[in-house]
Amino acid sequence: MRNGLKTSVAKEPTVEELELLGRERLSRNFYMREFLHSELATRPNIVNYPDDVTVALDSGRRLCEALLEPLLAIFGRISIRSGFRSAALNAACHSHGYNCVENSKAFGRHIWDIPSDKFGHGAMACIVIPSVHDAIFSGVLIDEFATWVNSNLPYCFMSVFEQQTAINICWSENPSKDIYSRIHPSGLLYKRGEYVGVNIEGLQHKNPTKYVDAWRI
């Protein structure tokens, strides 16, 4: 046990165990509770609790400290749309067609407590950053945000969605440094840390440390 919190459970966790897990601080501004809530869990009625609490918390702290805290410092408020999913929850959501990939592809991503064979331990969150969404809506290239992330963060991969400019961003032990966008013009923007998008000429004269100042809240 750590601070009264069981590091694993063989049965459904108690309310006390859930409360203790939610109170775990992952970084200066983020707590585990923000990453446990899931609308998807309410449908199959599954409690979202790690099989290995220690690994889940360690991976979550790396995600928050390495990626989310720097994003918060530069771009302002972050809304967590989705974070940790237990293996049981992810499997149930996948089987019901709730837009969850199969477990083997979610290890080291939304399933924080089981490492990926390819990327090792890792953690992913789906986030919305209002300042980034507003900037993209006003005509700023998603490539510019991607370029800042690639230049400044130790990310594994990132995927950007059209609805609310939602961002899946992942920390992993063995990063691939790929960024994919579903915002027009959609496609792969960065592959292994190298820009492969269509706006190479427009980005050549950009300085990410300057243009992000206009996005601050």
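Residues numbered from 1 in each chain as written. Predicted model: local features only at pLDDT ≥ 70, side-chain atom pairs only at ≥ 80, totals over all residues. Heavy atoms only, no water.

1. A few points about the side chain of Ser181
So, step 1. Locating Ser181 in the fold gives a position in strand E5 (residues 178–181).
So, step 2. For Ser181, a relative accessible area of 0% translates into the label buried.
So, step 3. Among the polar contacts listed, one links the side chain of Ser181 to the backbone nitrogen of Ile183, at a separation of 3.0 Å.
So, step 4. In contact with Ser181, other than residues within four places in its own chain, are Ile142, Val160, Ser186, Gly187 and Leu189. (Helix = DSSP H or I, 4+ residues; strand = E, 2+ residues; numbered from the N terminus. Buried < 20%, exposed > 50% of the residue type's maximum accessible area, 1.4 Å probe, protein only. Polar contact = N/O pair within 3.5 Å; in protein donor to acceptor, adjacent residues only side chain to side chain. Contact = heavy atoms within 4.5 Å.)

2. A look at the environment of Leu63
So, step 1. Of note, Leu63 is situated in helix H4 (residues 53–75).
So, step 2. A residue is classified by how much of its surface remains accessible, and Leu63, at 0% relative accessible area, is buried.
So, step 3. Between the C-alpha atoms of Leu63 and Trp171, which are 108 residues apart in sequence, the distance is 5.3 Å.
So, step 4. Discounting residues that sit within four places of it in the chain, Leu63 has contacts with Leu68, Trp112, Ala123, Met124, Ala125, Ile169 and Trp171.

3. Brief notes about a nonpolar patch on the surface
So, step 1. Together, Tyr180, Leu188 and Val196 make up an exposed nonpolar region whose accessible area comes to about 230 Å².
So, step 2. Topologically, Val196 is positioned in the loop between strand E7 (194–195) and helix H9 (200–203).
So, step 3. Owing to a relative accessible area of 43%, Val196 belongs among the partly exposed residues under this scheme. (Patch = residues over 30% accessible without salt bridge, like charges linked within 9 Å, V, L, I, M, F, W, Y side chains within 5 Å. Areas by Shrake-Rupley, 256 points an atom, 1.4 Å probe, with all protein chains shown as cover. Salt bridge = Lys/Arg side-chain N within 4 Å of Asp/Glu carboxyl O.)

4. Regarding helix H1 (residues 15–22)
So, step 1. The complete set of buried residues in H1 reads Glu17, Leu20, Leu21 and Gly22.
So, step 2. Taken together, the buried residues of H1 touch helix H2 (33–36) and H4.

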